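An overview of the molecular structure
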Amino acid sequence: MTKEECQAAARYWEEKDAESVKLEPGKLRSMVEEYVQSSNTCALATGTGDYVRCTPIEYSWHDGCFWMFSEGGKKFIGLEKNPHVCLAIYDRYEGFGSLHGMQVMGLAEVVEPFSEAYNDHAARKKISLEFLRKLPSPMHLICVRPTRIDCLFSDFKKLGCAPRQTLLLEETL
């Protein structure tokens, strides 16, 4: 593939989306949150330089962010040097009439253990702080604040809109 062909392929959805019928932002946000809350597992991609890692991980959604406890792992190589992450949530493919999936671009932060945010999330997950303090190695908490969510939902067509919609959010932590 030539550089020009690669760039043309990369622009495909931008060009197609420019002409598409958009869903009202409040309705889109509501449908996004409903879908995010209907699941609890995502694929979290982290990276730095020529190193990329994609990790299946359980998440919770609250306060406009994705929250993930993790014992550790190679994802922290990327998180140490690069706060930009991507995560994907999707249903099993059953055909074009029932597509449900999203990819989320965002900024990740490793939350200080036993800080107010850490303790709040532990309480939401019903994990005692005493248990967390007794662990032989720390339980890390990753918070991802989404900046862009690209959704592909067949349901959007029933609403008279394009099946692919983008929700842009604030880009600061």
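Residues numbered from 1 in each chain as written. Predicted model: local features only at pLDDT ≥ 70, side-chain atom pairs only at ≥ 80, totals over all residues. Heavy atoms only, no water.

With that settled, consider helix α1 (residues 3–18). Side chains of residues three or four places apart in an α-helix project in the same direction, reflecting 3.6 residues per turn. Taking 1.5 Å per residue as the helical rise, α1 with its 16 residues ought to reach 22 Å, and the 23 Å between its terminal C-alpha atoms agrees with that figure. Along α1, the sharpest kink reaches roughly 40°, centred on Arg11. (Helix = DSSP H or I, 4+ residues; strand = E, 2+ residues; numbered from the N terminus. Expected span 1.5 Å × (residues − 1). Bend = angle between axes of the 7 residues up to and from the residue.)

A few words on the pairing of strand β5 (residues 84–90). With three bridges connecting them, strand β1 (residues 41–48) and β5 associate as antiparallel partners. In the strand pairing of β5, Leu44 is matched with Leu87. (Pairing = 2+ DSSP bridges.)

Turning to the packing of aromatic side chains, a few remarks are in order. Applying the stated criterion across every chain yields a total of eight aromatic pairs. Ring geometry for Trp61 and Phe66: centres 4.8 Å apart, planes at 65°, overall edge-to-face. The burial state of Trp61 is the same as that of Phe66; both residues are buried. Consider the rings of Tyr93 and Phe96, whose centres lie 6.1 Å apart with planes at 85°: the pair is edge-to-face. Residue classification places Phe96 among the exposed positions, given a relative accessible area of 68%. Here the aromatic cluster, defined as three or more aromatic residues joined through ring pairs, consists of Tyr35, Phe153 and Phe156. Lying across the ring of Phe114, Arg133 places its NZ or CZ 4.4 Å from the centre. (Phe/Tyr/Trp six-rings, centres within 6.5 Å; stacked < 30°, edge-to-face > 60°. Buried < 20%, exposed > 50% of the residue type's maximum accessible area, 1.4 Å probe, protein only. Lys NZ or Arg CZ within 6 Å of the ring centre and 35° of its normal.)

For side chains of opposite charge, pairing can occur when their charged atoms come near one another. Tallying each qualifying case throughout the model produces ten salt bridges. Put simply, Arg124 and Asp63 hold a salt bridge, and the shortest N to O gap is 3.7 Å. Of this pair, Arg124 sits in helix α4 (residues 116–124) while Asp63 sits in the loop between β3 (60–62) and β4 (65–70), and the two are 61 residues apart along the sequence. Judged by its relative accessible area of 44%, Arg124 is partly exposed. One salt bridge in this structure joins Arg164 and Asp150, with 3.8 Å as the shortest N-O distance. Separated by 14 residues along the polypeptide, Arg164 in strand β8 (residues 164–168) and Asp150 in strand β7 (residues 140–153) bring together distant segments of the chain. A relative accessible area of 16% means that Arg164 is categorised as buried. (Salt bridge = Lys/Arg side-chain N within 4 Å of Asp/Glu carboxyl O.)

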